[in-house]
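Understanding the architecture of this molecule
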Amino acid sequence: MEKKYNFEKTEILMQNFWKDNKIYKFDQDNNKNIYSIDTPPPTVSGSLHIGHIFSYTQAEMIARFKRMQGFNVFYPFGFDDNGLPTERLVEKEEGINARNILRSAFNNKCINISKKYEENFKNLLQSMGFSVDWSLQYESISTFSKKISQKSFIKLFKEKKAYIKESPVLWCTKCQTSIAQAELDSIEKETHFNYLVFNVENTKLIIATTRPELLYGCVCLFVNPNDKRYTNYIGKNAKVPLYNFEIPIIADEKVETNKGTGIVMCATFGDNTDVYWYEEYKLDYRKVIMPNGKIEKTIPFIGDLKLKDGRNKIIEILNKNNLLVKSEKINHTLSIHERCGTEVEIILSKQFYIDILSNKEIFLKAANDINWYPNYMKKRYLVWVENLKWDWCISRQRYFGVPIPIWYCKDCKNIILPNENDLPIDPINSKPKTPCKCGCNDFLSESSVLDTWATSSLSPQINYKWEEENDISNKIFPMSMRTQSHDIIRTWTFYTIVKNLYHTGKIPWKDIMICGFVMAKKGEKISKSKNNSVNSPIKLIENHSADVIRYWSSSTKLGTDTSFSENELSSSKRFINKLYNASKFSIIHLKDYDSKSKPEFILPVDKWIIERCKETISSSTKHLNNYELNSARYEIDEFFWKDFCDYYLEIVKERLYQPNKHGFTERTSAQYTLYYILLNMLKLYAIYVPHMTEYIYQEYFREREKIISVHLLLWDKIDLADKKLILFGDKLKNIIFNTRKYKSEKSMSMKAEIECLIIETDKDYIDLFNKSLNDIKACCRAKEIVLKT
């Protein structure tokens, strides 16, 4: 081993070694139990940041752990490279607008730029030492993924679980596409309650609204049936100010009597309540908001203005006509599109949906069939499903995505679906192979694409090659584990459960591992869209090493958010140095050790550290089976730093250096123990710091263990450690600690001799202490030891 660990050279060497020897290749024909992992395909929308590295590394450690538990690990990786996030990246990078160039040309740009980013993502993850089988890589825009996605759509459409409907839909005016409820964020914003004068039979009614620009779209006034102020108005008509058309006044208990004036203006559409009333009472539809965020151009006073400008203009006109009583500031919660931060509108539009509202109960039940880690994350899922108000809108009016595979007969408007054997298809560039049943051979093509979640929710199906010739669902489905962060429980978790229950009747995975965020600052996660990561993972690896960052990634309890600064890597670097130096020290003393022979006897101190190692293997295994990387690492660190380095090495140091004094058989006992402990420590730490542990293993253990890689070794299966030996070790450590404390208090050197050390212990431990006197004398520098019971 080199004097100083050179991570720059070593990490690349180890990565090439794993690649050349296909250490992490999934063996489909292996008879071992399979552990399959469903990993979130990162969205191609910018560079990966430390938050991605944090959560992806935690999951990768579990893959390594399961491999060392004897599983045949199926560990693919994909890239989510279709949809709006990729489009926006391309528009930004190319300085273009997708709507201003040919669709085919724009899609080609998306494909080329996606490939560039995906290669960068892959290189970064490989430089982190990820044990992914890259031969299983997939992309959500690939021909195969398109086929799986379109197949899913067709099956659901035929089963009437997917449908087309013209209805109110959530709409982003910036991205100019429909969106789903799961894509909403909310913000608090200052706005105004504007008190407007409506007229009922020459009586003024004052109505407060935050959306006066929707006045032309007003279709009804609502009052609470129990509000005595307005009961005599129920059933009458009111005149809309400025526009002077009449609308009905209806009673509904949803009206909050203490909000505004207690009368609510229902317009098409201001919010979800407007949608509810529109559908519940079969109200008229009056178009105000256009898909581009402007007001319909034929509307008097404010036509063709942007919404905000229209609001200011209408307020000005109302005020001039004495129809604005007052305007007061309020704080208002608004829904925004999570992708771009634009306030979301609701417009009437023909879209495709997947029915989720009528089956909420089966989605809620499914949560109990999945093991959630940490368990409290299940509540987030349940709350989300319980509060769903919209079916899943899966169509998007964008370009770079999986085409919705539908044509419409030009004559009878009948919907034509392709044969599944012909998938994938692009309806814009193809047509049905047979005429419509009405005899017409002219067709209109659907131009919308599928929401990106409609494809990535099929990641299990993409992984096991759903209904294809090489389908391996019998081997890996339901998948063993899904890993992801908690922000996409409402999207990726939920949608994957929906798709899998609809297609297979089964849950998609047995376990779900929910990771936390890395926060840029309090309350704000690091994200690509916010560009708020100051630490480039590539630079961090170059400056500190992948193992250092990996070790840090396991420092937080599962599901817990954390912050990051480079200063936090200092403890990781100390650990790396300590492990390297402890290993180097041990290997120096193992050069002449024959690992095939067993010592004549093993001294109690050696037996103790072996039992402590077994205890550590057992406890950390339990933690890792519950995906608690941090708790497992804490157990291993406690053993390594305290028991092994602080105590054991100090106890046996003289025995190793001076066999003439302590005996060669006694030295062999220490060597046997060092071999066992160091090998098992490398195995324990291999999941956290794979490069260094592999390097040390290759330097010494490979030729002795006859296994090509430390990562192909198995952790020992431990039943119970010897509790008596563990307690003996605790007593021994306490003696050494108190001796050191005594010397420190007396300002003595730790190497200073003491005349007599008196040890009081139970008679059960006398024999163990008697056999350890030479070790204790050497460690404590005691001339004489007296044992008392």
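Heads up: these notes are all about the structure in this document. Quantities reported herein were computed from a predicted structural model and do not represent experimental measurements. (Residues numbered from 1 in each chain as written. Predicted model: local features only at pLDDT ≥ 70, side-chain atom pairs only at ≥ 80, totals over all residues. Heavy atoms only, no water.)

**Structural notes on the overall build of the protein**
A tally of helices and strands in the protein yields 24 helices and 28 strands. C-alpha extents for the protein along the principal axes are approximately 110 × 65 × 45 Å. In the protein, which comprises 789 residues, the proportion classed as buried is 57%. Within the protein, residue pairs in contact and separated by at least 24 positions form 78% of the contacts whose partners lie at least 6 positions apart. When the accessible surface of the protein is split by element, carbon and sulfur atoms take 46% of a total near 34900 Å². When the 115 positive and 100 negative side-chain charges of the protein are each reduced to one mean point, those points stand 1 Å apart. (Helix = DSSP H or I, 4+ residues; strand = E, 2+ residues; numbered from the N terminus. Buried < 20%, exposed > 50% of the residue type's maximum accessible area, 1.4 Å probe, protein only. Contact = heavy atoms within 4.5 Å. Areas by Shrake-Rupley, 256 points an atom, 1.4 Å probe, with all protein chains shown as cover. Lys, Arg positive; Asp, Glu negative; His and termini not counted. Charge placed at Lys NZ, Arg CZ, Asp CG, Glu CD.)

**Some thoughts on the layout of surface pockets**
Of the pockets and cavities examined, the second largest pocket occupies roughly 700 Å³. If you go around the second largest pocket, you meet 25 residues; those closest to its centre are Q15, N16, K19, Q126 and W134. Contributing elements (two or more residues each) for the lining of the second largest pocket: helix 1 (7-20), helix 4 (103-127) and helix 14 (537-544). Here the element with the most residues in the lining of the second largest pocket is helix 1; it accounts for eight residues. A class-by-class count of the residues in the lining of the second largest pocket yields 10 nonpolar, seven polar and eight charged. (1 Å grid on protein atoms, 1.4 Å probe; cavity = no way out; pocket = protein on both sides within 12 Å on 5 of 7 lines; lining within 4 Å. Points joined across faces, edges and corners; volume = space filled by probe spheres on them. Nonpolar A, V, L, I, M, F, W, Y, C, P; charged D, E, K, R; others polar.)

**Some details on the state of the cysteines**
The full count for this structure, using the stated rule, is zero disulfides. We note that C266 lacks a disulfide partner, and the nearest cysteine sulfur, in C220, lies 6.1 Å from it. C340 forms no disulfide, and the closest cysteine sulfur to it belongs to C172, at a distance of 3.5 Å. (Disulfide = S-S within 2.5 Å.)

**With respect to the side chain of S131**
You can see S131 is positioned in the loop between helix 4 and strand 4 (138-139). What makes S131 buried here is its relative accessible area of 0%. In this structure S131 touches Y24, E60, A63, R64, R67 and Y75, once residues within four positions along its chain are discounted.

**Regarding empty space enclosed by the protein**
Applying the stated criterion to the full structure yields four cavities of 30 Å³ or more. Size it by volume and the largest cavity reaches roughly 120 Å³. Along the walls of the largest cavity sit 18 residues, with G83, L84, R396, D451 and T452 positioned nearest its centre. Breaking the lining of the largest cavity down by element, the ones donating at least two residues are helix 3 (84-94), strand 6 (177-178), strand 21 (449-450) and helix 10 (452-456). Take the lining of the largest cavity: its biggest share by element is three residues, from helix 3. Here the residues of the lining of the largest cavity are counted per class, giving seven nonpolar, five polar and six charged. As a volume, the second largest cavity reaches approximately 50 Å³. Contributing to the lining of the second largest cavity are A180, Q181, A182, I356, W384, L388, W390, D391, W392, R490, F494 and Y495. When grouped by side-chain class, the residues that make up the lining of the second largest cavity number nine nonpolar, one polar and two charged.

**Some points on the pattern of salt bridges**
The full count for this structure, using the stated rule, is 48 salt bridges. Here E93 ties to K116 by a salt bridge, and the two come within 2.5 Å at their closest N and O atoms. Taken together, the positions of E93 in helix 3 and K116 in helix 4 put the pair 23 residues apart, joining distant regions of the chain. Among the residues examined, E93 registers a relative accessible area of 34% and is labelled partly exposed. (Salt bridge = Lys/Arg side-chain N within 4 Å of Asp/Glu carboxyl O.)

**A closer look at helix 3**
Along helix 3, the residues that are buried comprise L84, P85, T86, E87, L89, V90 and E91. In the core, the buried residues of helix 3 are packed alongside helix 4, strand 6 and strand 13 (324-337). Directly after helix 3, the chain includes G95, whose backbone phi takes a positive value near 65°.

**Considering the side chain of T761**
Along the chain, T761 turns up in the loop between strand 27 (754-760) and helix 23 (766-770). The exposure class of T761 is buried, given its relative accessible area of 7%.

**A look at the sheet that holds strand 23 (residues 509-515)**
Sheets are built from strands paired through backbone hydrogen bonds, the pairs being either parallel or antiparallel. Across the sheet, which stays open at both edges, the five strands sit in the order 2-1-22-23-15 with parallel pairing between neighbours. Since the sheet does not close on itself, it has two edges, and those belong to strand 2 (72-74) and strand 15 (371-373), each with one partner. Across the sheet, the mean angle separating the axes of adjacent strands is 20° when strand polarity is ignored. (Pairing = 2+ DSSP bridges. Axes fitted to C-alpha atoms, helices over the stretch in contact; angles between N-to-C directions.)

**Some thoughts on the sheet that holds strand 5 (residues 162-172)**
One open sheet holds the four strands; their spatial order is 6-5-14-16, and the pairing between them is antiparallel. With one partner strand each, in any of the chains shown, strand 6 and strand 16 (392-393) form the two edges of the open sheet. The pairing of strand 14 (residues 345-354) with strand 16 spans two bridges and is antiparallel. Its bridge partner lying in strand 16, I354 is registered against W392.

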